[in-house]
Amino acid sequence: MKILLKKARIINPTSSHHRQLKDILIEDGIIKAISDNIETKVDDTVDMDNLHVSLGWMDVFAFMGEPGYEHKETLLSGAAAAAAGGFTDVMILPNSQPVVSTKSQVSHLVNQSAALPVSIHPMGSVTKNAEGKELAEMYDMYDAGAIAFSDGINPILQPGMMLKALQYITAVDSIIIQVPEDRTIAANGLMNEGISSTRLGLPGKPAIAEELMISRDIELLRYTNSKIHITGLSTKKGIDLISQAKKEGLSISCSVTPYHCFFCDEDLVTYDTNLKVNPPLRTKKDMLALQQAVINGEIDCIASHHLPQHSDDKQCEFEYAKNGMSTLEIVFGTFNNFHTNLDALIEMLTDAPRKLFKQQVNTIEEGQPVSLTLFNPEQGYTFTDDMIVSKSHNNAFTGRQLKGKVIGIVHKNKLHLNKYA
């Protein structure tokens, strides 16, 4: 298979061709040549205005449905959505039915996803069935290919359980991924507790439920000298807590979602169930603080928190709607809207997550294996429902103006072009 990328702007700081406009010839999954002008017979050619190319993007937190929730998403539809969003690698949650808690379940996902256009990296659950009661077979799952460990959408509530988990993973130098939420506080909350929740008459979830969990996990991390990744960070105080822990030298990292950086609790005035997420949308001040933290480099990487829901679970009263949003297709267009440094943004999508989760980091040079994302960072567009590739369409970004369009990916020796590029 020969693929030729014409006049592509290379965005890869470790490459000797960084920021240069080059032709890139790919043959059998390897970069064969990088030059000013390449003329040769190939199977596919990509020649578009303002074509940019980077290493393939990696998402660290997405739900793919299988097994058990195929009515929401399948591995096939989720992989197609990821490719449309520019992702070549996706870390998937263990919250299937059954929960991914054993070596055989991890192996099954690895085998099932081998032929997909993107690389799927399963997470193993920290506790059996993600119930928080008993540690799962983490060592065996690690051997089978689990990239990290998390109870996914379920936070690990018991401090003793989190302590044991942090100690256990030091043997394999892995990492625990935690959604910061103390569910014993305002368990029935539907949105952020504040002025907006009072006006809308909806029970709230206070920011302290998130901030207490972050503080607790930092103390446990300090005690165990292990590794933890906080995802879905949504408050300014949470950012400050993690930044201080980093300065102390603790192995803590964090990621934010596109919707926490784009929407705030004021946007719930229409009771749009697509905006019912967890952690909930916080205040406008928190939203702007998250944006600034991304720009300042306080946030390590980006997490789609792709959590598709069936229409029956969203087309209902706000109280009964399930949390979650389909997001894989809009990640880049969201962050590129406000981020002022393209190189830094691409770093958050490429090298940063791979280094955190011990994946190989390549560079765009001759002789290197190919895993590339093709995009136009300047193209503005309105995101429409027909651009959603995910099986579920619960996406609050429909009708919104985004900036930066994904053209496609080159991965597993194949070119996958975005239908709406």
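One structure accompanies this document, and this report is about it. On a predicted model such as this, the values are computed, not experimentally measured, just so you know.

**A word on the packing of helix α4 (residues 159-169) against helix α6 (residues 208-224)**
Between α4 and α6, whose axes approach to 10 Å, the crossing angle comes to 40 degrees. Overall, the two elements α4 and α6 adopt an arrangement that is oblique. Considering the relative orientation of α4 and α6, their crossing is right-handed. Packed against α4, whose contacting residues are Pro 159, Met 162, Leu 163, Leu 166 and Gln 167, the element α6 presents Arg 216, Asp 217, Leu 220, Leu 221, Tyr 223 and Thr 224 at the interface. In the contact of α4 with α6, the residues fall into seven nonpolar, two polar and two charged.

**Focus on the nonpolar core**
Ile 176, Phe 335 and Leu 349 are the most contacted members of the largest nonpolar core, which totals 66 residues. The residues touching Ile 176, leaving out its near neighbours within four places in the chain, are Val 126, Met 138, Phe 149, Ile 156, Met 162, Ala 165, Leu 166, Ile 169, Lys 227, Ile 228 and His 229. Core analysis: the next-biggest nonpolar cluster, separate from the first, contains 20 residues, Leu 200, Phe 318, Met 325 and Tyr 381 among them.

**Notes on the side chain of Asp 313**
If you trace the backbone, Asp 313 turns up in the loop between β15 (301-302) and α9 (331-338). When residues no more than four places from it in sequence are discounted, the contact partners of Asp 313 are Lys 72, Ala 321 and Lys 322.

**Some points on α6**
Over its 17 residues, α6 runs 24 Å from end to end, which matches the ideal 24 Å to within 8%, given 1.5 Å per residue. For α6, the complete set of buried residues consists of Ala 209, Glu 210, Glu 211, Met 213, Ile 214, Arg 216, Asp 217, Ile 218, Leu 220, Leu 221 and Thr 224. Of the surrounding secondary structure, the elements contacted by the buried residues of α6 are α4, β10 (176-178), β13 (227-231), α7 (236-247) and β14 (251-256). At the C-terminal side of α6, Asn 225 shows a positive phi close to 55 degrees.

Parameters at a glance
Residues numbered from 1 in each chain as written. Predicted model: local features only at pLDDT ≥ 70, side-chain atom pairs only at ≥ 80, totals over all residues. Heavy atoms only, no water. Axes fitted to C-alpha atoms, helices over the stretch in contact; angles between N-to-C directions. Helix = DSSP H or I, 4+ residues; strand = E, 2+ residues; numbered from the N terminus. Parallel < 35°, antiparallel > 145°, perpendicular 65-115°, else oblique. Left-handed = near helix turned anticlockwise from the far one by under 90°. Contact = heavy atoms within 4.5 Å. Nonpolar A, V, L, I, M, F, W, Y, C, P; charged D, E, K, R; others polar. Core = buried A, V, L, I, M, F, W, Y, C linked by side-chain atoms within 4.5 Å. Buried < 20%, exposed > 50% of the residue type's maximum accessible area, 1.4 Å probe, protein only. Expected span 1.5 Å × (residues − 1).

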